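# Reading the structure
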Amino acid sequence: MDSSTPGADDHLACPPANGKCSPIQSSHAPSAPASSSEATLGRHLARRLVEIGVADVFSVPGDFNLTLLDHLIAEPGLNNVGCCNELNAGYAADGYARARGVSACVVTFTVGGLSIINAIAGAYSENLPIICIVGGPNTNDYGTSRILHHTIGLPDFSQEVRCFQTVTCYQAIVNNLENAHEQIDRAISTALKECKPAYISISCNLPSIPHPTFSREPIPFSLPPKMSNKLGLEAAVEATVAFLNNAVKPVLIGGPKLRVADACHEFIELADACGYPIAVMPSAKGLVPEHHPRFIGTYWGAVSTAFSAEIVESADAYLFAGPIFNDYSSVGYSLLLKREKAIIVQPDRVVVANGPAFGCVLMKDFLHLLAQKLEFNSTAYENYRRIYVPEGIPLKCDPDEPLRVNVLFQHIQKMLSQDTAVIAETGDSWFNCQKLKLPEGCGYEFQMQYGSIGWSVGATLGYAQSVPDKRVIACIGDGSFQVTAQDISTIIRCGQKTIIFLINNGGYTIEVEIHDGPYNVIKNWNYTGLVDAIHNGEGNCWTAKVRCERELEDAITTATEEKKDCFCFIEVIVHKDDTSKELLEWGSRVSAANSRTPNSQ
């Protein structure tokens, strides 16, 4: 554990603003005593959130959390962002945690908690530490046979926490002041250590009551860092070196758990040292710099970046750092990989082919030491260079003919820079955004493991709130937008300068390509009219509806010049069958996986 030099700001130690979880520095700065009126649970929680790096709290008020919200908004270091519903508040906390490293949301008991739980489950799947705070029942109601509102009508208050047990790493029920300090601190520190959401329920009558345990400023967290077993680390590296140095054309593939392992730097250090070509799994896009000289694109089986699948699947050895192999990332379990050729490096475990497995080995340490031991071998990359043919250019179209999706993304590509970030919604935007080439410093986020449609509106709100210096470009399908459209109002109210491309093709296109039916057709909205109504003359908002390339070019010019400091909503009208070739291939393979007949008993 690093120790900071005592100073005025040493009690604040924020996780890095890059979506990584890391230990918080300890401090030896003395804490100033609080006055009796300030020595409250509400103030303690507020100071804790500021200490770990939270500057914005996403909330929906309810009678059980109102007093707590009073204390949170009284904290100078916290800004309350009121959302339209709990689901969006959770999605916003998800997006915020991706950029800031940690986030917080506040809702009310049961009706709020069970509404936000879907977003918390998604954050759990993506290894994001969210402090989910719920205003709970009055302490006097515990242990009685009373039936409370906002419940299912039973004198049992445990329904909510039981639901949260499977999607959070720690659950704290704070209904007395004696151990409140310990419970809150343990919940927050566990979330930071595990990089998972934590649940804290605080009785509605406690936040304003002074207590001696809160009489001083919170002593800064000192989280013991995880450490590799030295002998295990050395043995894992030795076995890996023997395996890879014996290979003719090995490759490296980065996976999404590079983020939780905080090992992105070490992955590139290894790539620089060994000379192998590097690819990323689709959910790791944005974690590995695409300007690296040996970057060959996304490995996604049959829908990979051109020529990357051929190089990966023809290799005689591949090292996967932090992979998640599910039916989506494996394109319906169709990857042409062999276990005996693979080295799987997880955040704290290494498996070498079909041979030995090594536990208590941190990915960061493993990749760093491996970089010092491997022989340089650029054979696979040289093979890639031999077969590589530059991508084609979309067919030229008349500026006034109906717009095609590939033309749209050709123009979005030109908008990207180190001052932008891309949010890709579940659907065809997954595949079109995967093909974007990210400049150095350009952010990129999407939710692949959980794949919840509607995630992107709230996530865009939260992500943009955490990185005000970047302009967020969100690509959202019309079906997904209809799920969570309300919090466009919060985006406007927060004065964000996001650009949303609403891709209107009349339905759930990704579902159409997996299994079509009348349920995939949705009611068409006047989306720009809806956003104009939400705007209602208050805030800084500009909308446009485009049907051809000429109108698209004009809209982008306006959004990036005259309206560069404004929230811009561009509705793009495209044909319902205009999908990427990758979605067509992926959808058919996932459909085949979903429709497998039962095994015989």
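Residues numbered from 1 in each chain as written. Predicted model: local features only at pLDDT ≥ 70, side-chain atom pairs only at ≥ 80, totals over all residues. Heavy atoms only, no water.

Identification of the chain as pyruvate decarboxylase from Eucalyptus grandis is taken from an unreviewed UniProt entry. Its UniProt record, at the heading Subunit (unreviewed entry), says of the chain: "Homotetramer." Reading the Sequence similarities (unreviewed entry) entry of the UniProt record for the chain gives the comment "Belongs to the TPP enzyme family." (UniProt positions renumbered as here; feature names shortened; annotations may be inferred.)

### Description of the overall build of the chain
Helix and strand counts for the chain come out as 21 helices and 19 strands. Taken over the C-alpha trace, the chain has a radius of gyration of 25 Å; the compact-globule value for 601 residues is 25 Å, and the two agree within 12%. Looking at the chain as a whole, 58% of its 601 residues are labelled buried. Pairs at least 24 residues apart make up 76% of the contacts formed inside the chain by residues separated by at least 6 positions. Of the roughly 24,300 Å² of accessible surface on the chain, a fraction of 52% belongs to carbon and sulfur atoms. Of note, the chain has its 46 positive side-chain charges centred 4 Å away from the centre of its 65 negative side-chain charges. (Helix = DSSP H or I, 4+ residues; strand = E, 2+ residues; numbered from the N terminus. Rg over C-alpha atoms; globule rule 2.2 N^0.38 Å. Buried < 20%, exposed > 50% of the residue type's maximum accessible area, 1.4 Å probe, protein only. Contact = heavy atoms within 4.5 Å. Areas by Shrake-Rupley, 256 points an atom, 1.4 Å probe, with all protein chains shown as cover. Lys, Arg positive; Asp, Glu negative; His and termini not counted. Charge placed at Lys NZ, Arg CZ, Asp CG, Glu CD.)

### Things to note about the environment of valine 389
With respect to the secondary-structure elements, valine 389 resides in the loop between α12 (379-387) and α13 (405-415). For the pair formed by valine 389 and histidine 535, sequence separation is 146 residues and the distance between their alpha carbons is 47 Å.

### Quick look at the pairing of strand β4 (residues 130-136)
Here β4 lies mainly inside the structure; 7 of its 7 residues are buried. Residues Ile130, Cys132, Val134 and Gly136 of β4 are buried on one face, and the alternating residues Ile131, Ile133 and Gly135, pointing to the opposite face, are buried as well. Sheet analysis places strand β3 (residues 103-108) next to β4, joined by 6 bridges and oriented parallel. By the bridge assignment, valine 107 is partnered in β4 with valine 134. (Pairing = 2+ DSSP bridges.)

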